[in-house]
Amino acid sequence: MVVLYRLVTVFILAQLCAIAIATTMAQLLPHNGVLVQVTATLPQQVIYHDMNSGHEVTVYTLPSDVTRVVAAPQGYRVAIADIDQQITVYNFLNGHARVFDSPYRQTLLADWHADQLTIISVEGTFTMNVNTGAFTPLTDETIRYLDTSVEQTLAYTTRYGLFLRQSDDERGWMLRRMSMNTPVYSEPVFSPDGNQLAFVADNYEQARRGIFVYNMENQSMKKVSQGAFSVVNHPAWSPDGTYIVYQHITRQHSQIYSLNLHTGQQTVIAEGAPSALLAWMR
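Starting afresh in each chain, residues are numbered from 1 along the sequence in its written order. Owing to the predicted nature of the model, reporting of local features is limited to residues with pLDDT of at least 70; listing and counting of side-chain atom pairs is limited to 80 or more, with chain, interface and lining totals taken over all residues. Each side-chain value is worked out from all heavy atoms of the structure, with water and hydrogens disregarded.

## Some remarks on the overall build of the protein
Here is step 1: Here a strand is any run of E in DSSP of at least two residues, a helix any run of H or I of at least four, and the numbering for each starts at the N terminus. In terms of helices and strands, the protein carries one helix and 24 strands.
Here is step 2: Using a 1.4 Å probe on the protein chains alone, a residue whose accessible area is under 20% of its type maximum counts as buried, one over 50% counts as exposed, and one in between counts as partly exposed. Residue burial in the protein is summarised as follows: out of 282 residues, 48% are buried.
Here is step 3: Long-range contacts, defined here as pairs at least 24 residues apart, represent 35% of the contacts in the protein between residues at least 6 apart.
Here is step 4: Per element, the accessible surface of the protein, about 14600 Å² overall, is 53% carbon and sulfur. Here, two residues are considered to be in contact whenever any of their heavy atoms come within 4.5 Å of each other. Note on areas: Shrake-Rupley with a 1.4 Å probe; residue coverage comes only from the protein chains shown.

Structure (structure tokens):
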């Protein structure tokens, strides 16, 4: 009886601990958190950064170099791709991680909608069901970056330029063309309402790189990042579309910036992240 009592007690305590951890993570994961994945050294750490308090928590480590991280629409899971062609789906609420092996070379993640991850590889573009791990071919076109708006508009880049396309159309329209005298476009990402598109433009000849925002309604475009000779990467929108976070690198500093699009004010929220991949939890 004593042994049975102890076993029941241990089980109850374990359940209470699990509930407490889930409750704590649920409180830590409102609509104002940024997930920062820092790729400086191995093993690489997945760090949760609370935007209100500035508190950081290391929630997961990976043994391989990470290539891309995207957040789930529900806001409590992230998917992480690495150079070993594995995709890890991490759940913040219960701390569980599921690892899927990708059959495709140079696997990169593009976006996450419902239960489907969009996968980019040198062999084409595919979707993966995050519950079953099943892969479905999408297109054999060589795409470098892709994002999908809430209205199912696709933004993607190829070696020819930056394109927009409705998901049910066979062909899209070119938003910006790449050439020897124009920037290389990468990392397009829609605002949560789908009305704006942020992307990185890089002109190697003029040593200029910046983050631009394209307004889908009035077709206007403006540069929102500061500095012409710094490296900027990995833009990510806040859930309300007010802020963009991005990585900013100069010869002296490597920082994560938070940019208020209404006021233009920029705030440093993290220091010393040589190669940080960002995803803002929704």
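## Considerations on the packing of aromatic side chains
Here is step 1: The criterion for an aromatic pair is that two Phe, Tyr or Trp rings (for Trp, the six-membered ring) have centres within 6.5 Å, with stacked assigned to planes under 30 degrees apart, edge-to-face to planes over 60 apart and tilted to the rest. Counting across every chain of the model gives eight aromatic pairs.
Here is step 2: Note on Tyr90 and Phe92: the rings are 5.2 Å apart at their centroids and 90° apart in plane angle, and the pair reads as edge-to-face. Phe92 matches Tyr90 in its accessibility class, with the two residues each being buried.
Here is step 3: Pairing Tyr104 with Phe135 gives two aromatic rings, centres 5.6 Å apart and planes at 75°, and the pair type is edge-to-face. Of the two residues, Tyr104 is situated in the loop between strand E7 (97-101) and strand E8 (108-113) and Phe135 in strand E11 (residues 135-139); the sequence distance between them amounts to 31 residues.

## Some words on the sheet that holds E11
Here is step 1: Any two strands between which DSSP finds at least two bridges are classified as paired. Reading across from one edge, E8-E9-E10-E11 is the order of the four strands in this open sheet, with antiparallel pairing throughout. Every interior strand has two partners, whereas the edge strands, E8 and E11, have only one. Each adjacent strand pair in this sheet contributes to an overall mean axis angle of 30°, direction not counted.
Here is step 2: Two strands pair when backbone bridges link them, and E8 and strand E9 (residues 116-121) are joined in this way by four bridges, in the antiparallel orientation. Counted as the bridge partner of Leu108 is Ile120 from E9. Fitted lines through C-alpha atoms give the axes, limited to the stretch in contact for helices. The angle between two N-to-C directions lies from 0 to 180 degrees.

## With respect to the sheet that holds E7
Either a parallel or an antiparallel arrangement is found when strands of a sheet pair, and the pairing is made through backbone hydrogen bonds.
Here is step 1: Pairing within the open sheet is antiparallel, and its four strands lie in the order E4-E5-E6-E7. A strand with exactly one partner marks an edge of an open sheet, and here the two such strands are strand E4 (66-71) and E7. Each neighbouring strand pair of the sheet contributes to a mean axis angle of 20°, computed without reference to strand direction.
Here is step 2: Two elements, strand E6 (residues 86-91) and E7, share five bridges in a ladder whose sense is antiparallel. The partner of Ile87 across the bridge, within E7, is Phe100.

## Overview of the confidence of the model for the protein
Here is step 1: Within a predicted model, pLDDT stands for the predictor's per-residue confidence, ranging from 0 to 100. With 73% of its residues at a pLDDT of 70 or more, the protein has an overall mean of 75.
Here is step 2: Within the protein, the lowest mean pLDDT, 41, falls on helix H1 (residues 2-28), and the highest, 92, falls on E7.
Here is step 3: Contacts for the low-pLDDT stretch residues 2-31, under 50 throughout, to residues beyond four places or in other chains number 19 contacts.

## Observations concerning unusual backbone geometry
Here is step 1: Non-glycine residue Gln106 carries a positive phi angle of around 50°.
Here is step 2: On the secondary structure map, Gln106 appears in the loop between E7 and E8.

## Observations concerning the pairing of E6
Here is step 1: Burial of E6 is extensive: five of the six residues sit out of reach of the surface.
Here is step 2: Where strand E5 (residues 77-82) and E6 come together, five bridges link them in antiparallel fashion. Of the residues in E6, the one forming a bridge with Arg77 is Asn91.
Here is step 3: Connecting E5 to the antiparallel partner E6 that follows it, the hairpin turn spans three residues, and Gln85 within it adopts a positive phi of roughly 60°.
Here is step 4: As consecutive antiparallel partners, E6 and E7 are separated by five residues, and within that stretch Gly95 has a phi angle of approximately 75°, a positive value.

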